[in-house]
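Listed below, chain by chain, are the residues.
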Amino acid sequence: MSHSHTLSSRTLRAAMLALVVGVGAAGCDHLTDPAGPNLTDRFGDFNFVEPVAASQPTVDFAGGEDVAFSATFNKQAAWVLLITGQESGAVKRIEGFSNVLDATNATWNGGTTELPFFKDETVDVALFVPSEETDTLRTTVEVVSPRTYPGNVFADFEGGENISIGNFEFEFQNAGITAEFAPGQGDGYFVLRGTEPPSGGTRNFFVGLIDIRPDGNGLFPVPTTVPEDLYFNFLLRGYGTDYTIAVIQLIVDANGTGAYELDRDLAVPFGDIPVDFEGWRLFSKPVSEIGDGGITQEQAANIVGVRVVLISDNNAQPSTPLQVAFGIDYITFTSGGPLEL
C-alpha cells in the first residue's frame, strides 16, 4: 500500500510539473503566438524588406482597370501611401496598419482624396511610415485614362458648352473657360471674376452670372426623377478672395415649352455659398432639398438650365471693394447618392 501510494504521488507530481512546464513554454512562445504582438513588433528596429512596387506600370481606369501596390516591412506599422498627380496635383491617400501591402489593402481605383480629379498623367507614389525615421520609398505609375465617374454630366467646360453671360452693371473681368489653375476635372473650368465700383459709385452686389443650357437647348436627361435619389453636384474653386458668394440655381421649365426661356422659367437656388477658401471643393445635395420646398418629380424631369451667379458681399466689403472670384467645374447629376470622389 505504501509503495503504491508513493508511486501515485510521484506520478501526480510529474504530471503537474509537465503541465506547468507546458503552459509556461506556451506562454513564452511570443514568436509563434498569433494572438499577440511579438518582440520585434514591440522593440525591434523597423526596416523595409521589399520596396514599394506597382502591379502594373500603366493603368486604364476608364477601361475598368485598377492598380495594386506591394511592399513588406519586418514589423507591423502604421503606413501611408500617397499618390500625387504630376500635372493635376490631385492626391489619393491610402492608410493601413500591417507589415504587408498588397491588393487587399493597397488598391487604387483612380479616385481622389483631395480635389482635383486625376488626369491622364504620371503619378508619384510615396510610401512612408510616420512613426519611423526611415526613408520614403517611391515609384511612379502612368495613368493612361482617368477614372470615369458615374452620373450624367451637365457641363465640364471642356469646350462646346452652351453658355450665355448675364448683363449686369459690372462686367466680369478676365472671366470664361480657363486653365489658369489645375481644373477640377479635365482641361478647363469656368472662372467668374469682377469688382464692385469704389465707394461713392453705385453699389450692386451682383457682379455677374452665366446661364448654361444642355445640348439642343431642351430638357436635360437626369439619371432619375425621384427627387430624394437625384443628386445635384458641382465643384467650386476658391481663390482665397473674401466677400465672394456663389449662388447656383437649377432652371426648371415653368411653362411647358420644353426649352429654356429667360425670365419665364423657374430658378431654384441651391443656396448661397461663401467662397472664401482656396482650392477645389465638392458640393452635393439631393434636389428634394433644393429651394424652399424641394424640387418635385415633375420638375426634376424638366430641368432646362443651370445658372451660376457671382455675388460680392458688399455689406462687408471695405470702402474700396476688393475683387471677388470663384471657379466652377464638373456639374453633374447622380442617382442614389452624391458624387463619390
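Located above this text is the structure these notes cover.
The rules behind each value
- Residues numbered from 1 in each chain as written.
- Predicted model: local features only at pLDDT ≥ 70, side-chain atom pairs only at ≥ 80, totals over all residues.
- Heavy atoms only, no water.
- Helix = DSSP H or I, 4+ residues; strand = E, 2+ residues; numbered from the N terminus.
- Buried < 20%, exposed > 50% of the residue type's maximum accessible area, 1.4 Å probe, protein only.
- Contact = heavy atoms within 4.5 Å.
- Pairing = 2+ DSSP bridges.
- Salt bridge = Lys/Arg side-chain N within 4 Å of Asp/Glu carboxyl O.
- Axes fitted to C-alpha atoms, helices over the stretch in contact; angles between N-to-C directions.
- Polar contact = N/O pair within 3.5 Å; in protein donor to acceptor, adjacent residues only side chain to side chain.

A.B. asks: Looking at this structure, how should I read the overall build of the chain?
C.D. replies: From N to C terminus, the chain includes 3 helices and 18 strands. Looking at the 341 residues of the chain, the share that counts as buried comes to 42%. In the chain, of all internal contacts separated by at least 6 residues, the share reaching a separation of at least 24 is 73%.

A.B. asks: Would you mind going over the pairing of strand S13 (residues 230-239) with me for this structure?
C.D. replies: Note on strand geometry: in a regular strand, side chains alternate between the two faces of the sheet. For S13, the buried fraction is high: 10 of the 10 residues fall into the buried class. Burial along S13 is two-sided: the face carrying Leu230, Phe232, Phe234, Leu236 and Gly238 and the face carrying Tyr231, Asn233, Leu235, Arg237 and Tyr239 are both buried. Both S13 and strand S18 (residues 324-335) contribute to a ladder of 8 bridges, which runs antiparallel. Along S18, the bridge assignment pairs leucine 235 with aspartate 329. Judged from the 9 bridges that link them, S13 and strand S16 (residues 278-286) form a sheet pairing that is antiparallel. Bridging across to S16, tyrosine 239 finds its partner in glutamate 278.

A.B. asks: Help me understand the pattern of salt bridges in this model?
C.D. replies: Side chains that differ in charge, positive against negative, can pair when their charged atoms come close. In total, this model carries 7 salt bridges according to the counting rule given. Close ionic contact of lysine 119 with glutamate 87 constitutes a salt bridge, the shortest N to O distance being 3.0 Å. Taken as a pair, lysine 119 in the loop between strand S5 (107-108) and strand S6 (122-128) and glutamate 87 in the loop between strand S3 (67-85) and strand S4 (91-101) lie far apart in primary sequence, 32 residues in all. Here glutamate 95 ties to arginine 93 by a salt bridge, and the two come within 2.7 Å at their closest N and O atoms. Note on glutamate 95: relative accessible area 52%, which makes it exposed.

A.B. asks: Help me understand unusual backbone geometry in this model?
C.D. replies: What you tend to see is this: most non-glycine residues have negative phi, and most peptide bonds are trans. Omega for the peptide link from leucine 115 to proline 116 comes to 10°, which places this bond in the cis form. Among the structural elements, proline 116 can be located in the loop between S5 and S6. Positioned with a positive phi, asparagine 174 is a non-glycine residue whose angle comes to about 55°. As for its placement among the helices and strands, asparagine 174 is situated in the loop between strand S9 (162-165) and strand S10 (176-178). The backbone phi angle of tyrosine 243 is positive, close to 70°, even though this residue is not glycine. Inspection of the secondary structure assignment puts tyrosine 243 in the loop between S13 and strand S14 (244-252).

A.B. asks: Help me out: how do you make sense of the side chain of threonine 332 in this one?
C.D. replies: Tracing the backbone through its elements, the reader meets threonine 332 in strand S18. Its relative accessible area of 1% is what places threonine 332 among the buried residues. Apart from the residues within four sequence positions on either side, threonine 332 is in contact with Asn152, Val153, Phe154, Tyr231, Phe232, Asn233 and Leu339.

A.B. asks: I tried to follow the sheet that holds strand S12 (residues 206-213) on my own but got confused; where do I start?
C.D. replies: Within a sheet, each strand pairs with its neighbour through backbone hydrogen bonds, oriented either parallel or antiparallel. Strand order in the open sheet formed by 5 strands is S9-S12-S17-S14-S15, and the pairing between neighbours is antiparallel. The open sheet has two free edges, formed respectively by S9 and strand S15 (266-274), since each of these has just one partner strand. In this sheet, neighbouring strand axes are inclined to one another by 20° on average, regardless of whether the strands run parallel or antiparallel. With 4 bridges joining them, S9 and S12 adopt antiparallel strand pairing. Bridge pairing in S12 places isoleucine 163 opposite isoleucine 212.

A.B. asks: Explanation requested: the side chain of aspartate 329 in the structure shown.
C.D. replies: Take aspartate 329: it is sitting in strand S18. Polar side-chain contacts of aspartate 329 include one of 3.1 Å to the backbone nitrogen of glycine 184. Within the structure, aspartate 329 has its side chain in polar contact with the backbone nitrogen of glutamine 185 (distance 2.9 Å). Not counting residues within four places of it along the chain, the set of residues in contact with aspartate 329 comprises Asp156, Phe157, Pro183, Gly184, Gln185, Gly188, Tyr189, Phe234, Leu235 and Trp280.

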